[in-house]
Amino acid sequence: AGEIAHGRGDSVRAETIWYRALEMCSEVGDREGVATLQNVLGNLALEKGDFEEAQSLYQRAVEAFESIDDKQGAAQGYNNLGHVATAKKQWNKAIGLLERAVQTFDELGNQQGIARAILNIGVTHREAGNLREATRYVQEGTRLWTQLGGKWDLADCFDDWAAIQTLLGNDDEGARMF
């Protein structure tokens, strides 16, 4: 029901549903459900630009995933915390969290997770103005998504590549990628 409300643009209703579900999971001791809903609510807070709330929810989600030894969930949480740190312009913190996500996804053999986190490192470098590093990571993310066949994810790669090219003053190359 929360996904439907969110998909229809009713984030207030979605948030109400998800917080009620979180309360129910807590009451019955469903730690995986609690962690998952904290992650979902963190995504919603991030969408709304409430970085402090998103960070708090993601951190609690990571702790909950770690308490049940769910490395996949924890890795997604590190990636999400990296997004928040990037949004808050905490570049080194963001890179560290995203590298931790890459390392954990690598331990799990999750190539899609690795590709996503590597591309996010590129975005963080781009936002920080480190265009050489941004280029390196976006190229690696593009290579990985090409191997994996992730068409929508490749679109993100091309968007990031175009933004980097534009920032480098290569407007024609940037425009070609959009």
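Above this note sits the structure.
Reading the values: rules and limits
Residues numbered from 1 in each chain as written. Predicted model: local features only at pLDDT ≥ 70, side-chain atom pairs only at ≥ 80, totals over all residues. Heavy atoms only, no water. Axes fitted to C-alpha atoms, helices over the stretch in contact; angles between N-to-C directions. Helix = DSSP H or I, 4+ residues; strand = E, 2+ residues; numbered from the N terminus. Parallel < 35°, antiparallel > 145°, perpendicular 65-115°, else oblique. Left-handed = near helix turned anticlockwise from the far one by under 90°. Contact = heavy atoms within 4.5 Å. Nonpolar A, V, L, I, M, F, W, Y, C, P; charged D, E, K, R; others polar. Salt bridge = Lys/Arg side-chain N within 4 Å of Asp/Glu carboxyl O. Buried < 20%, exposed > 50% of the residue type's maximum accessible area, 1.4 Å probe, protein only. Core = buried A, V, L, I, M, F, W, Y, C linked by side-chain atoms within 4.5 Å.

S.K.: So what's going on with the packing of helix α2 (residues 11-28) against helix α3 (residues 31-47)? Which residues, and what values?
M.R.: Between α2 and α3, the least distance of the axes is 9 Å, while the angle of their chain directions is 160°. On the basis of their axis angle, the class for α2 and α3 is roughly antiparallel. Note that α2 runs across α3; the crossing there is left-handed. For the pair α2 and α3, the contacting residues are S11, E15, W18, Y19, A21, L22, C25 and S26 in the first and G33, V34, L37, Q38, V40, L41 and L44 in the second. Here the residues of the contact of α2 with α3 are counted per class, giving 10 nonpolar, 4 polar and 1 charged.

S.K.: Explain the pattern of salt bridges residue by residue, including any values.
M.R.: Applying the stated criterion to the full structure yields 9 salt bridges. R116 is paired through a salt bridge with D153; the nearest N and O atoms lie 3.5 Å apart. Of this pair, R116 sits in helix α7 (residues 111-128) while D153 sits in helix α9 (residues 151-167), and the two are 37 residues apart along the sequence. For D153, a relative accessible area of 19% translates into the label buried. Via salt bridges that share partners, R126, E127 and D160 belong to a single interconnected network.

S.K.: Account for the nonpolar core, naming residues and giving values.
M.R.: Of all hydrophobic cores here, the largest spans 46 residues; its most connected members are W18, V102, F105, I114, I118 and I121. Setting aside anything within four residues of it in sequence, one finds W18 in contact with G2, E3, H6, L37, V40, L41 and L44.

S.K.: Describe in detail the packing of α7 against helix α8 (residues 131-148), supporting the description with residues and values.
M.R.: At their nearest, the axes of α7 and α8 sit 7 Å apart, and the two run at 155° to each other. Classified by the interaxial angle, the pair formed by α7 and α8 is roughly antiparallel. Where α7 crosses over α8, the handedness of that crossing is left-handed. From α7, Q111, Q112, I114, A115, R116, I118, L119, I121, G122, H125 and R126 reach across to α8, where they touch L131, E133, A134, Y137, V138, E140, G141, L144, W145 and L148. Residues that form the contact of α7 with α8 fall into these classes: 12 nonpolar, 5 polar and 4 charged.

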